[in-house]
Amino acid sequence: MRLLAFATALLSIFVALPVNASAATISIVSMQYSAAHPVPHLHYDGDTADGDVATLQSMYDTFVKCRLSCIGPDGGATAVLTLNGPGGSYFEGLALADFLRANHIATVVERGSGCYSACAFAFLGGSAWSSQDGVGTYVDRMVEPGSVVGFHAPYSDEVSFTNALNERGAMAMQGQTRDLLALMVKELVKWNVDPEVIFKMVGMGPEETYNLVTAEDLYLARVTLPPTPSSGWITDLPSAIREACLRLLAIDERAAPYDMQWRFVSDYTPAIGKAELAGPISGYKLGDRLLDIGSCSATDASMATDGNYEIALYFTPGLDGLNAASTSFFNRQHGWSTAGVGRDPLKRIFAKGPLNSFFLPLDADIDGLDLPGEADIDANRFDTALPPLLPTMPSDLVVDASTPSSRVSHLGDVFVFERVGTRQLYDSAFDQGALGRAYTNEVTSDTGFVREGAFVDTAATFVWFGILNGESSAVVEAIVVKPNGEAPADEDLANLRRIQCEADFQGSKLNCG
């Protein structure tokens, strides 16, 4: 698993926290999670316990210096939280989910990680935000192939249950169980999880979990794959359209997608009809009854694009010979993908970027498909098999944690976040521009950029620079982190200058003359 083990103890430099010994470790990994989510990367690892929300709040307040002002109308999250944990306190998991939504923090469970029980409920809070009319807060929770998110109904272990039964009696315990199940149902509805998930969970024993590993699981839990080009997930477009049609039928009939397969009465049929506004459509015949759904099809015009597909359930032809669309699915490589109806993005299937799991076979383990899209996820996170060496930095920097492709260190109240990777890392940082930042200095060249200034939301001072060397790059962000939001001292500003001027990436340095 590619992440930085940066202990919560680091937080004590700024804030004295009473941390439960069994609580999760919450860490800061980098300032640029991926090309699709170029925001700070936080990581949650371990048992869910009382106090985790307070620890996450402190970590977020300390290191996430740019909030809603850094998000343009295209939408985005203020940070990404990756999760790995066996579960724990059910109520703390729910509180974590509420915190994530309130602060517009996206969630990811990466390849090789598992997030169960209370961790899974926390994961459901993954959210982002857009200033576009009609959007606001929207769901942003993702899983990678090779990960596991596992749900089960709340329960007590045998010893706790027996003790409570002896103390309170059978009727009181039945009442508590009903209350917990009612709360679980309420919370899952709040997080826009399909009722089918609830049915599966309630029937499971305390040692069983409902795991999100297939494409149908992702549909039911309203979870997406990380946004990458749809071409990496589609091997046959007609088959992919059929898979999307199963989801549309499930939405239309409020059923599970797998139960909709009987509805198809033909193979893929080109030019099956003509839409009122979009022209020719091709797809699958569902029936002949007048004023009823007659096909599920994609517009021919959208099928000729690079993945911006428009698929819908269509009524049988009217007197004019045209097919009117009913329940629709719009898949967008950039912008909003959406399926079904409803005004509130939190209550419908709605995502920034493509909904690639809609095109995959329902019952196959996504990881077992071995599709090119998996490599695209790694590329989106700037990962390479042999990352370039990290830059040479001032020798008195104290290293807090590092991996082959990232490093966190500090010098006094200045924290330094380094990442190395492909050219895409550099391009992603460069393209972010001044959103949410007030620059006092900005210099760019063909092989590097330097930006100095302060964050609009928190007034924290920073130096941010990138160095390009062929197809390799390094991006460094140094931030002054003062207790109680104090202004940077002269020593802090001098340290920022040293970091900028002494950084050396593969023999390339910034011009500090």
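First, a word on scope: everything that follows refers to the structure included in this document. No experiment lies behind these values; they were computed from the predicted model shown.

**Re the overall build of the protein**
Phase 1 of the analysis: When helices and strands are tallied, the protein shows twelve helices and 26 strands.
Phase 2 of the analysis: Burial analysis of the protein (513 residues in total) assigns 55% to the buried set.
Phase 3 of the analysis: Sequence-distant contacts in the protein: of pairs separated by 6 or more residues, those separated by 24 or more amount to 62%.
Phase 4 of the analysis: Just so you have it, the protein exposes about 21,300 Å², and 53% of that area is on carbon and sulfur atoms.

**Regarding the sheet that holds strand β9 (residues 148–151)**
Phase 1 of the analysis: Taken in spatial order, the three strands make up an open sheet running β5-β9-β10, and their pairing is mixed. Edge positions in the sheet fall to β5 (114–116) and β10 (210–211), since each of these pairs with one other strand and no more.
Phase 2 of the analysis: By the bridge criterion, three bridges tie β5 to β9 in an arrangement that is parallel. Note on β9: the bridge partner recorded for G114 is V148.

**Examining unusual backbone geometry**
Phase 1 of the analysis: Positive phi, close to 55°, is recorded for S117, a residue that is not glycine.
Phase 2 of the analysis: Along the chain, S117 falls in the loop between β5 and α3 (118–123).
Phase 3 of the analysis: A relative accessible area of 14% places S117 in the buried class.
Phase 4 of the analysis: Within the chain, D370 stands out as a residue other than glycine whose phi angle is a positive 50°.
Phase 5 of the analysis: Along the chain, D370 falls in the loop between β17 (349–352) and α10 (373–380).

**As for helix α2 (residues 90–102)**
Phase 1 of the analysis: A rise of 1.5 Å per residue sets the reference length of α2, with its 13 residues, at 18 Å; its end C-alpha atoms lie 19 Å apart and thus fit the reference within 8%.
Phase 2 of the analysis: Of all the positions in α2, only Y90, E92, G93, L94, L96, A97, F99, L100 and R101 are classed as buried.
Phase 3 of the analysis: Directly after α2, the chain includes H104, whose backbone phi takes a positive value near 55°.

**Quick look at empty space enclosed by the protein**
Phase 1 of the analysis: What the rule picks out here adds up to two cavities of 30 Å³ or more.
Phase 2 of the analysis: Of the pockets and cavities examined, the largest cavity occupies roughly 90 Å³.
Phase 3 of the analysis: For the largest cavity, the full set of lining residues is S30, M31, Q32, P38, F417, R419, Q432, R437, W464, V475, V476 and E477.
Phase 4 of the analysis: Put simply, the parts of the chain that give the lining of the largest cavity at least two residues each are β20 (414–422) and β24 (472–480).
Phase 5 of the analysis: No other element matches β24, which puts three residues into the lining of the largest cavity.
Phase 6 of the analysis: Its residues assigned to classes, the lining of the largest cavity shows six nonpolar, three polar and three charged.
Phase 7 of the analysis: The computed volume of the second largest cavity comes to approximately 60 Å³.
Phase 8 of the analysis: Along its surface, the second largest cavity is lined by Y33, S34, A36, H37, V108, M142, E144, P226, P227, I377, N380 and R381.
Phase 9 of the analysis: Considered class by class, the residues forming the lining of the second largest cavity number seven nonpolar, three polar and two charged.

**Regarding the layout of surface pockets**
Any empty space left between the atoms is revealed when a probe the size of a water molecule rolls over them.
Phase 1 of the analysis: Approximately 490 Å³ is the volume found for the second largest pocket.
Phase 2 of the analysis: Taken together, 19 residues line the second largest pocket, and the ones lying closest to its centre are D194, R222, I251, R254 and K347.
Phase 3 of the analysis: Of all the secondary-structure elements, those providing two or more residues to the lining of the second largest pocket are α6 (195–202) and α8 (237–253).
Phase 4 of the analysis: Tallying contributions element by element places α8 first for the lining of the second largest pocket, with three residues.

**With respect to the nonpolar core**
Phase 1 of the analysis: Within the largest apolar cluster, 101 residues are counted, with the highest numbers of intra-cluster contacts made by F121, F123, I311 and F329.
Phase 2 of the analysis: Broken down by element, the residue count for this core peaks at nine residues, all from α8.
Phase 3 of the analysis: When near neighbours in sequence (up to four residues on either side) are disregarded, F121 contacts Y90, G93, L94, A97, F151, H152, M184, L188 and M201.
Phase 4 of the analysis: Counting 19 residues, the second largest nonpolar core, distinct from the first, contains F465, I499, A503 and F505.

**As for the pairing of strand β7 (residues 136–139)**
Phase 1 of the analysis: Inspection of the sheet shows strand β6 (residues 127–130) paired to β7 by four bridges, in the antiparallel sense. Bridge pairing links S127 to V139 in β7.
Phase 2 of the analysis: Taking the residues between adjacent antiparallel strands as the criterion, β6 and β7 are bridged by five residues, where G134 takes a positive phi near 85°.

**Side note on the packing of helix α1 (residues 52–63) against α2**
Phase 1 of the analysis: Contact geometry for α1 and α2: axes closest at 9 Å, N-to-C directions at 25°. With respect to their mutual orientation, α1 and α2 come out roughly parallel. Contacts between α1 and α2 involve D52, V53, L56, Q57 and Y60 from the former and E92, A95, L96, F99 and L100 from the latter.
Phase 2 of the analysis: Class assignment for the residues of the contact of α1 with α2 results in seven nonpolar, one polar and two charged.

**Comments concerning the sheet that holds strand β8 (residues 141–143)**
Phase 1 of the analysis: A sheet is described by the order of its strands in space; here five strands give the open sequence β1-β2-β3-β4-β8, paired in mixed fashion. Both outer strands of the open sheet, β1 (25–30) and β8, are each paired with one neighbouring strand and no more. Averaged over all pairs of adjacent strands, the angle between their axes in this sheet comes to 25°, without regard to strand direction.
Phase 2 of the analysis: One ladder, built from five bridges, connects strand β2 (residues 41–45) with strand β3 (residues 79–84); its direction is parallel. Within the sheet, the bridge partner assigned to H43 lies in β3 and is T82.
Phase 3 of the analysis: Sitting on the sheet, α1 touches β1, β2, β3 and β4 (105–109), and the angle it makes with β1 is about 20°.

What counts and what doesn't
- Residues numbered from 1 in each chain as written.
- Predicted model: local features only at pLDDT ≥ 70, side-chain atom pairs only at ≥ 80, totals over all residues.
- Heavy atoms only, no water.
- Helix = DSSP H or I, 4+ residues; strand = E, 2+ residues; numbered from the N terminus.
- Buried < 20%, exposed > 50% of the residue type's maximum accessible area, 1.4 Å probe, protein only.
- Contact = heavy atoms within 4.5 Å.
- Areas by Shrake-Rupley, 256 points an atom, 1.4 Å probe, with all protein chains shown as cover.
- Pairing = 2+ DSSP bridges.
- Expected span 1.5 Å × (residues − 1).
- 1 Å grid on protein atoms, 1.4 Å probe; cavity = no way out; pocket = protein on both sides within 12 Å on 5 of 7 lines; lining within 4 Å.
- Points joined across faces, edges and corners; volume = space filled by probe spheres on them.
- Nonpolar A, V, L, I, M, F, W, Y, C, P; charged D, E, K, R; others polar.
- Core = buried A, V, L, I, M, F, W, Y, C linked by side-chain atoms within 4.5 Å.
- Axes fitted to C-alpha atoms, helices over the stretch in contact; angles between N-to-C directions.
- Parallel < 35°, antiparallel > 145°, perpendicular 65-115°, else oblique.

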